[in-house]
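# A look at the structure
Now for the letters of each chain:
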Amino acid sequence: MSLTLDASLETGKEYFNKLKDVLQSNTGIISFVNPLDYENGEDFVLRYQKSIEYK
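Predicted, not measured: the structure shown is a model, and the values here were computed from it. (Residues numbered from 1 in each chain as written. Predicted model: local features only at pLDDT ≥ 70, side-chain atom pairs only at ≥ 80, totals over all residues. Heavy atoms only, no water.)

## Here we look at the pattern of salt bridges
In the structure shown here, the tally under the stated rule is two salt bridges. Salt-bridge contacts for K18 lead to E14; the nearest nitrogen and oxygen are separated by 3.3 Å. Here K18 pairs with E14, and both are found in helix α1 (residues 9–22), just four residues apart, close to one helical turn. The class for E14 is partly exposed, based on a relative accessible area of 41%. For R47, the salt bridge goes to D43, with nearest N and O atoms at 3.2 Å. Here R47 pairs with D43, and both are found in helix α2 (residues 41–53), just four residues apart, close to one helical turn. Taking the relative accessible area as the measure of exposure, D43 reaches 15% and is therefore buried. (Salt bridge = Lys/Arg side-chain N within 4 Å of Asp/Glu carboxyl O. Helix = DSSP H or I, 4+ residues; strand = E, 2+ residues; numbered from the N terminus. Buried < 20%, exposed > 50% of the residue type's maximum accessible area, 1.4 Å probe, protein only.)

## Here we look at the packing of aromatic side chains
Applying the stated criterion across every chain yields a total of zero aromatic pairs. The ring of Y15 is capped by K18, whose NZ or CZ atom sits 5.8 Å from the centre of that ring. (Phe/Tyr/Trp six-rings, centres within 6.5 Å; stacked < 30°, edge-to-face > 60°. Lys NZ or Arg CZ within 6 Å of the ring centre and 35° of its normal.)

The following block contains the structure:
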């Protein structure tokens, strides 16, 4: 089963966790079809650091 949506990482994680609960599984993967656009290297680092905080 898969889940496709256009949402923030936080919202994606919320739906992903609900999907794992419904499937009674603790294994899964999130993938991104269209990578985020970054203004520059600093923007990439800031966004990456924020994404780690959600883990």
